[in-house]
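Understanding the architecture of this molecule
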Amino acid sequence: MIIRRIRDLREDADLTQTEIGKVLGIGQRTYAYYENGGRTIPIELLISLADYYNVSVDYILGRTDNKKMNK
């Protein structure tokens, strides 16, 4: 689920793996490993992705289908 969600969020924002890697401060290859399930995403990057896309971490993790962050 997480793999599909981060890919969908990136594609919905019309970003390349290289562009989102720059946002996160990592290389395209490293980001590709996360997106393809080759590596587990560190919690710090998971939070950064949620903040960047303005969605909840629970949404990325597949614990909810509600994209909105509860504040």
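The following paragraphs examine the structure supplied in this document. The shown structure was predicted, so the numbers you read here are calculated from the model rather than taken from an experiment. (Residues numbered from 1 in each chain as written. Predicted model: local features only at pLDDT ≥ 70, side-chain atom pairs only at ≥ 80, totals over all residues. Heavy atoms only, no water.)

Where helix α2 (residues 17-24) meets helix α4 (residues 43-53), the axes come as close as 10 Å, and the angle between the chain directions of the two elements is 110°. Judged on the interaxial angle alone, α4 and α2 are roughly perpendicular. Contacts between α2 and α4 involve I20, V23 and L24 from the former and L45, S48, L49, Y52 and Y53 from the latter. Considered class by class, the residues forming the contact of α2 with α4 number 7 nonpolar, 1 polar and no charged. (Axes fitted to C-alpha atoms, helices over the stretch in contact; angles between N-to-C directions. Helix = DSSP H or I, 4+ residues; strand = E, 2+ residues; numbered from the N terminus. Parallel < 35°, antiparallel > 145°, perpendicular 65-115°, else oblique. Contact = heavy atoms within 4.5 Å. Nonpolar A, V, L, I, M, F, W, Y, C, P; charged D, E, K, R; others polar.)

This brings us to helix α3 (residues 28-35). Within the sequence span of α3, burial applies to Y31, A32, Y34 and E35. All buried residues of α3 project into a common sector of 160° when viewed along the axis, lining one side. Elements in contact with the buried residues of α3: α1 (2-12), α2 and α4. Looking one or two residues past α3, G37 carries a phi angle of roughly 80°, positive in sign. (Buried < 20%, exposed > 50% of the residue type's maximum accessible area, 1.4 Å probe, protein only. Arc of directions from axis to C-beta.)

On to the packing of aromatic side chains, then. This model, assessed by the stated rule, comprises 1 aromatic pair. For R5, the ring lying beneath its charged end belongs to Y59, and the centroid distance is 4.0 Å. (Phe/Tyr/Trp six-rings, centres within 6.5 Å; stacked < 30°, edge-to-face > 60°. Lys NZ or Arg CZ within 6 Å of the ring centre and 35° of its normal.)

Enumeration according to the criterion identifies 5 salt bridges in this entry. R5 serves as the salt-bridge partner of D65, at 2.6 Å between the closest nitrogen and oxygen. Taken together, the positions of D65 in the segment after α5 (57-61) and R5 in helix α1 put the pair 60 residues apart, joining distant regions of the chain. Assessed through its relative accessible area of 64%, D65 is described here as exposed. (Salt bridge = Lys/Arg side-chain N within 4 Å of Asp/Glu carboxyl O.)

What follows deals with the environment of K67. Here K67 lies in the segment after α5. Note: C-alpha distance between K67 and V55 (12 residues apart in sequence) is 4.9 Å. Those residues in contact with K67 that sit more than four places away from it in its chain are D12, N54, V55, S56 and Y59.

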